[in-house]
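# Structural overview for review
Residue strings, one per chain:
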Amino acid sequence: MAYRHWCGECSHKTAWLSESESEQQLIEHYAKQHPGVLPGGSFEVNKKDPNGLGCLPMLGILFVLLLLAAQCQR
């Protein structure tokens with residue numbers, strides 16, 4: 001899973017990271033941009049694997065099947 005934290009004071013948001021990395025980036029943002037203010041805001045959770053290949057393997061299989069079909073036409 002990946003997490004993205006949003007600043008409660010401005011429109012800053014972290015990248016999709018692990019929960020602890022995302023929280024740390026938000027804390028660092030508050031320290032630099034909003035000193036003296038306790039970190040707040042909201043967060044999002046992406047349950048998909050951020051390092052996954054998505055639909056790329058399916059496209060590769062489809063491509064191979066199309067090549068085989070083209071070879072059978074000859």
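Sequence order as written defines residue numbering, which begins from 1 separately in each chain. Residues qualify for local features only when their pLDDT is at least 70, as the model is predicted, and side-chain atom pairs are given and counted only at 80 or more; totals for whole chains, interfaces and linings, by contrast, use all residues. Working from all heavy atoms in the structure, the side-chain values ignore hydrogens and water.

Our focus in this paragraph is the overall build of the protein chain. Scanning the protein chain from terminus to terminus reveals two helices and two strands. Reading the secondary structure of the protein chain in the N-to-C direction produces β-α-β-α. Here the protein chain has a C-alpha radius of gyration of 21 Å; the compact-globule value for 74 residues is 11 Å, and the former is much larger. Based on the C-alpha atoms only, the size of the protein chain along its principal axes is roughly 75 × 20 × 15 Å. Buried, partly exposed and exposed residues are distinguished by accessible area as a fraction of the type maximum, computed with a 1.4 Å probe on protein chains only: under 20%, between the cut-offs, and over 50%, respectively. Buried positions account for 15% of the 74 residues belonging to the protein chain. Pairs at least 24 apart in sequence give 43% of the contacts found in the protein chain among residues at least 6 apart. What sets the accessible areas is the Shrake-Rupley method with a 1.4 Å probe; for residues, cover comes only from the shown protein chains. Of the accessible surface of the protein chain, which amounts to about 5900 Å², a share of 61% is contributed by carbon and sulfur atoms. Residues scored as positive are Lys and Arg, those scored as negative are Asp and Glu, and His as well as the terminal groups of each chain are ignored. The atoms used to mark charge sites are NZ of Lys, CZ of Arg, CG of Asp and CD of Glu. If the 6 positive side-chain charges of the protein chain are averaged to one point and the 7 negative ones to another, these points end up 14 Å apart. To qualify as a helix, a DSSP run of H or I must reach at least 4 residues; to qualify as a strand, a run of E must reach at least 2; elements of each kind are numbered from the N terminus. For the radius of gyration, the atom set is restricted to C-alpha positions; the globular benchmark scales as 2.2 Å times the number of residues to the power 0.38. Note on definitions: a residue-residue contact is assigned when non-hydrogen atoms from the two residues lie within 4.5 Å.

The rule for a disulfide is simple: a pair of cysteine sulfur atoms within 2.5 Å. Summed over all chains, the structure comprises zero disulfides. With no disulfide of its own, Cys10 lies 3.7 Å from the sulfur of Cys7, the closest cysteine sulfur.

Let's shift gears to the pattern of salt bridges. Salt bridges are identified by distance alone: a Lys or Arg side-chain nitrogen within 4 Å of an Asp or Glu carboxyl oxygen. Within the structure shown, the criterion is met by one salt bridge. Between Glu44 and Arg4 there is a salt bridge, with its nearest N and O atoms 3.0 Å apart. With Glu44 in strand 2 (residues 41-46) and Arg4 in strand 1 (residues 2-7), this residue pair connects regions lying 40 residues apart in the sequence.

Moving on: helix 1 (residues 19-33). Owing to its 3.6 residues per turn, the α-helix brings residues three or four apart onto one side. By this rule, a helix spans an expected 1.5 Å times one less than how many residues it contains. The terminal C-alpha atoms of helix 1, which comprises 15 residues, lie 21 Å apart, in line with the 21 Å expected from a rise of 1.5 Å per residue. Every buried residue of helix 1 is listed here: Ser22, Leu26, His29 and Tyr30. Each buried residue of helix 1 sits inside an arc of 95 degrees when the element is viewed along its axis, so together they form one side. The exposed set on the far side of helix 1, more than 90 degrees from its buried face, consists of Ser20, Ala31 and Lys32. Where helix 1 is buried, its residues meet strand 1 and strand 2. Arc definition: it is the arc formed by the directions from the helix axis to the C-beta atoms.

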